[in-house]
Amino acid sequence: FNINDLPNSSMNLVISKRRAGKSYLVEHIIEDMKRHNLVDVCLLFTGTNAGFERVCNDPECRFNSLDKLVGIVENYKKMNDYNKQAPKSKQFKIKTTIIIDDLAQDLKSKKFSILNNLAINGRHYAYSPLRLDFFILGQSTTLFSRSMRLNADTISFTQIPSFKEFEMLRDE
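From a predicted model like this one, the values you see are computed outputs, not experimental measurements.

## Quick word on the packing of aromatic side chains
Any two aromatic rings considered together are summarised by their centre-to-centre distance and by the angle between their planes. All told, the structure shown has two aromatic pairs when counted by the stated rule. Ring centres 4.9 Å apart and planes at 25° place the aromatic pair Phe45 and Phe63 in the stacked group. Here the residue Phe45 occupies a position in strand β2 (residues 41–46), and Phe63 occupies one in strand β3 (residues 62–63), the gap between them amounting to 18 residues. In this pair, the class of Phe45 matches that of Phe63, namely buried. Look at Tyr82 and Phe92: their rings are 5.4 Å apart centre to centre, the planes differ by 65°, and that puts the pair in the edge-to-face class.

## A closer look at a nonpolar patch on the surface
A cluster of nonpolar side chains, contributed by Ile160, Phe163 and Phe166, occupies part of the molecular surface with about 280 Å² of accessible area. The topology assignment puts Phe166 in helix α6 (residues 163–171). Judged by its relative accessible area of 35%, Phe166 is partly exposed.

## Some details on the layout of surface pockets
Considered as a void within the structure, the largest pocket measures approximately 290 Å³ in volume. Looking at the largest pocket, it is lined by 14 residues, and the ones nearest its centre are Arg18, Lys22, Asp101, Asp102 and Gln139. Counting residues per element, the ones that place at least two in the lining of the largest pocket are α1 (22–35) and β5 (131–138). Class assignment for the residues of the lining of the largest pocket results in five nonpolar, four polar and five charged.

## As for the nonpolar core
The nonpolar side chains of soluble globular proteins are, as a tendency, buried together. Phe45, Leu69, Ile100 and Phe134 are the most contacted members of the largest nonpolar core, which has 47 residues in total. Residue assignment for this core shows that the elements contributing at least two residues are β1 (11–15), α1, β2, α2 (69–85), β4 (95–101), α4 (114–121) and β5. Apart from the residues within four sequence positions on either side, Phe45 is in contact with Phe63, Ser65, Leu66, Lys68, Leu69, Ile72, Ile98, Ile99, Ile100, Asp101 and Leu103.

## Here's the deal with the side chain of Lys22
Within the secondary structure, Lys22 is located in helix α1. Within the buried core, Lys22 has no salt-bridge partner, and the shortest N-O distance to an opposite charge, that of Asp101, equals 6.1 Å. In terms of polar contacts, Lys22 uses its side chain to reach the backbone carbonyl oxygen of Lys17, at 3.1 Å. Apart from residues no more than four positions distant in its own chain, Lys22 is found in contact with Val14, Ile15, Ser16, Lys17, Leu137, Gly138, Gln139 and Thr158.

Thresholds applied
Residues numbered from 1 in each chain as written. Predicted model: local features only at pLDDT ≥ 70, side-chain atom pairs only at ≥ 80, totals over all residues. Heavy atoms only, no water. Phe/Tyr/Trp six-rings, centres within 6.5 Å; stacked < 30°, edge-to-face > 60°. Helix = DSSP H or I, 4+ residues; strand = E, 2+ residues; numbered from the N terminus. Buried < 20%, exposed > 50% of the residue type's maximum accessible area, 1.4 Å probe, protein only. Patch = residues over 30% accessible without salt bridge, like charges linked within 9 Å, V, L, I, M, F, W, Y side chains within 5 Å. Areas by Shrake-Rupley, 256 points an atom, 1.4 Å probe, with all protein chains shown as cover. Salt bridge = Lys/Arg side-chain N within 4 Å of Asp/Glu carboxyl O. 1 Å grid on protein atoms, 1.4 Å probe; cavity = no way out; pocket = protein on both sides within 12 Å on 5 of 7 lines; lining within 4 Å. Points joined across faces, edges and corners; volume = space filled by probe spheres on them. Nonpolar A, V, L, I, M, F, W, Y, C, P; charged D, E, K, R; others polar. Core = buried A, V, L, I, M, F, W, Y, C linked by side-chain atoms within 4.5 Å. Contact = heavy atoms within 4.5 Å. Lys, Arg positive; Asp, Glu negative; His and termini not counted. Polar contact = N/O pair within 3.5 Å; in protein donor to acceptor, adjacent residues only side chain to side chain.

This is how it looks when you write it as structure tokens:
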């Protein structure tokens, strides 16, 4: 896996059973992204406030709900619009990676349909020199809507949770 093959403003799903290495895999990928200057800021949205200390240890970059996500995405849209008409020397150049972990219930709620929109249109919210990458971790393939799965740039498994889910993925 060449980290430079990851598209700008990517949507990445990581699916596996509990304690199967999802967090470790994402930390490793983000560390590699940092080495290649693809990340300036890492934000963690988690229901447990656990993990990811190697890539996101600033308490101000850790959130226990998805409430702030909408504002972050709106700010990126505004910066992107500004960059379209600004001289190159005055453009915003921030590269943000967002991790969403242990918020399975929130992913399914209508309030956060933003994640479906991000999977489909998110790449349009942060054209280069901006970058807005998402890593969303879950224990079940069905946690993610079909449109999220079909529009994800990468889907990684450390273990496929069940044979039924394997068959579903195979058929998609």
